Amino acid sequence: MFIIKCPYCGERDHSEFSYGGEAHINRPKKPTELTDDQWAEYLFMRKNIKGIHYERWNHSHGCRRWFNMARDTSNDKIHSVYKIGEKPPV
Amino acid sequence: MKNKYSIFTLIKNSFSYHENWQKAWGNPKPKSYYDIVIVGGGGHGLATAYYLAKEHNLKNIAVVEKGWIGGGNTGRNTTIIRSNYLWDASAGLYDHALKIWENLSQELNFNVMFSQRGVMNLAHNQHDVRELKRRTHANRLNGIDCEWLNVDQVKEFCPIINCSPDIRYPVMGSTLQRRAGTARHDAVAWGYARSADSMGVDIIQNCEVKGIKRKGDSIEGLETTKGFIKTSKIGVAAAGHSSVIANMAGLKLPLESKPLQALVSEPIKPIIDTVVMSNAVHAYVSQSDKGELVIGAGTDSYVSYTQKGTHEIIEGTLKAVLELYPIFSRLRMLRQWGGIVDICPDASPIISKTSIKGLYFNCGWGTGGFKATPGSGHLFAYTIAKDEPHALNAPFNINRFVSGDLVDEHGAAAVAH
């Protein structure tokens, strides 16, 4: 349904890509010290936002590299694509 | 009070060319206060309101619906009803619903066209065979009818299936639940709406929830497109939009909303008198009373609220359908659509209280909520009325994601996700 601009390869059909879920969920630094509530938050709770959603994608049938994307989930319009490690656009 | 539908009222109304039927439900303006407001006028929400009024004798109830009743996932599913789930908790939940389905038309005085035509689940590899045989035994131990069919019996029960050993994913057997089947999805919403309305429930359509007003840890009311509605209890049955409503109350849910597609063919003469599901190749097919083949496709992987999916999903499903039923090769497809389904990490629903007093959620039904409509409404009404879960929905509380006591039904969910 949409074209994704891979930051390494350029524009490709979305069928070349795999979805990697919500972005910017940091792995806990000290997992042994987490409470059950914090584990649930990390593992299961998701923003599932209707609007601009920051998410991870992998160019699985291309360069096989991961990157991030800001997409409006109410109309599937892609607002920006940015590399892993970069700050999400406002 | 509603007039009872019967053969006599049908004859009587035929004299006036069916132009004077009593309205099945009203179009009330929202009152300023309700004891309970249900968000979402689909099957689950309307059933909840119906059982709150009928079984718990509560009167001052409203259902608010942003579109028209039954216009969301209730009208978008493939109408399959079954209860052959693996775990005890799910078996209890889904068979509770199936038992209500069996008398629902009589109870609602509305023909929901429940047809127990049987549901088959095909096995295509050794793992499928083992898993489905295990599920057959698990079902029987829970008092749910389930049979194992070998390939010859599959061919006999549903002759149009291609049982050749030479196809890419050959059929190696199947389960059969004879009590399972289909129902008319719109009629379920309409039947519950009519009965709820006759017991005094206000069904308010075109009324979208815009905000939830909280006072500390309790509920004050709802901001809607038709003004503020004061209430102390809110039951949310908003399917794909559950997270959107939860965010209004400052809650996060373990859900992801994704597009799920289905399609129907042009109408043909009766050719398949059961429901055939095949998880491994992802094709499921039944035939509607109008003669259309009803085909369920899969979900897309990404979060979206667009009610449309990608063509690859449809292509994959139709490839599988054509290999299993070569007889359909020249059939044209008539319509295709998508709905937004809210999927839980363990593929089981949530019918639960929340950390906010007076706020209840019935969500996470993912790709298979239609079958549970009556049971879900019944148990959700109990949970709201008593402020505690019924024994049957206690395992489906929201805290299972903290305790780790998940109900993993990925194997029995029809759509792989």
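Our subject is the structure that appears above.
Residues numbered from 1 in each chain as written. Chains lettered and ligands numbered in written order. Predicted model: local features only at pLDDT ≥ 70, side-chain atom pairs only at ≥ 80, totals over all residues. Heavy atoms only, no water.

A. Fine view of the overall build of chain B. In terms of regular secondary structure, chain B is built from eleven helices and 18 strands. Taking 2.2 N^0.38 as the reference for a compact globule, 417 residues should give roughly 22 Å; the C-alpha atoms of chain B span a radius of gyration of 21 Å, in line with that estimate. Referenced to the eigenvectors of the C-alpha coordinate spread, the extents of chain B come out at roughly 65 × 60 × 40 Å. The buried share of chain B, reckoned over its 417 residues, is 59%. Long-range pairs, those at least 24 residues apart, make up 75% of the contacts in chain B with a sequence separation of at least 6. (Helix = DSSP H or I, 4+ residues; strand = E, 2+ residues; numbered from the N terminus. Rg over C-alpha atoms; globule rule 2.2 N^0.38 Å. Buried < 20%, exposed > 50% of the residue type's maximum accessible area, 1.4 Å probe, protein only. Contact = heavy atoms within 4.5 Å.)

B. Inspection of the interface of chain A and chain B at higher detail. Contacts between the two partners involve 24 residues from chain A, matched on the other side by 26 residues from chain B. Taken together, both faces of the contact between chain A and chain B bury some 2200 Å²; the carbon and sulfur share is 59%. Our count for the contact surface shared by chain A and chain B stands at one salt bridge. Across the contact surface, chain A and chain B share eleven residue pairs in polar contact (both at pLDDT 80 or more). Tallying contributions element by element places helix H1 (residues 36-43) of chain A first for the side of chain A that touches chain B, with four residues. (Buried area = accessible area lost by both parts, 1.4 Å probe. Salt bridge = Lys/Arg side-chain N within 4 Å of Asp/Glu carboxyl O. Polar contact = N/O pair within 3.5 Å; in protein donor to acceptor, adjacent residues only side chain to side chain.)

C. Local environment of the packing of aromatic side chains. Residues and elements named next belong to chain A. For the structure shown, the criterion picks out 17 aromatic pairs over all chains. Relative to Trp57, the ring of Phe2 has its centre 6.2 Å away and its plane inclined at 85 degrees; by these criteria the two rings are edge-to-face. Of this pair, Phe2 sits in the segment before strand S1 (3-6) while Trp57 sits in strand S4 (residues 52-58), and the two are 55 residues apart along the sequence. Pair check on accessibility: Phe2 and Trp57 agree, each one buried. (Phe/Tyr/Trp six-rings, centres within 6.5 Å; stacked < 30°, edge-to-face > 60°.)

D. Representation of the sheet that holds strand S3 (residues 18-22) of chain A. All names here are of chain A. The strand order across the open sheet built from four strands is S3-S4-S5-S6, with neighbouring strands paired in antiparallel fashion. Every other strand in the sheet has two partners, leaving S3 and strand S6 (77-83) as the edge strands with one partner each. Strand-to-strand twist across the sheet, computed as the mean angle between neighbouring axes with direction ignored, equals 35 degrees. As defined by bridge partners, S4 adjoins strand S5 (residues 66-72) across seven bridges and the pair is classed as antiparallel. Among the inter-strand pairings, Tyr54 is bridged to a residue of S5, identified as Ala70. (Pairing = 2+ DSSP bridges. Axes fitted to C-alpha atoms, helices over the stretch in contact; angles between N-to-C directions.)

E. Representation of the packing of helix H2 (residues 43-55) of chain B against helix H10 (residues 373-386) of chain B in the model. All names here are of chain B. As a packed pair, H2 and H10 sit with axes 7 Å apart at the nearest point and diverge in direction by 55 degrees. Here H2 is positioned oblique relative to H10, judged by the angle of their axes. Relative to H10, H2 is oriented so that their crossing is right-handed. Across from Gly43, His44, Ala47, Thr48, Tyr51, Leu52 and Glu55 in H2, the residues of H10 making contact are Thr373, Pro374, Ser376, Gly377, His378, Phe380, Ala381, Ile384 and Ala385. Each residue belonging to the contact of H2 with H10 can be placed in one class, and the counts come to eight nonpolar, seven polar and one charged. (Parallel < 35°, antiparallel > 145°, perpendicular 65-115°, else oblique. Left-handed = near helix turned anticlockwise from the far one by under 90°. Nonpolar A, V, L, I, M, F, W, Y, C, P; charged D, E, K, R; others polar.)

F. The sheet that holds strand S5 (residues 147-149) of chain B, seen in detail. All names here are of chain B. Strand order across the open sheet formed by eight strands is S5-S6-S4-S13-S14-S15-S12-S16, with mixed pairing between neighbours. Strands at the two margins of the open sheet, each flanked by one partner only, are S5 and strand S16 (333-343). Put simply, the sheet's adjacent strands are angled 20 degrees from each other on average, direction ignored. Relative to strand S6 (residues 173-177), S5 runs antiparallel, the two being bridged by three bridges. Each bridged residue has a counterpart across the sheet, and for Glu147 the counterpart in S6 is Leu176. Sheet strands touched by helix H9 (residues 311-324): strand S4 (119-123), strand S12 (256-265), strand S13 (275-278), strand S14 (283-287), strand S15 (293-299) and S16. Its angle to S15, the strand with the most contacts, is close to 130 degrees.

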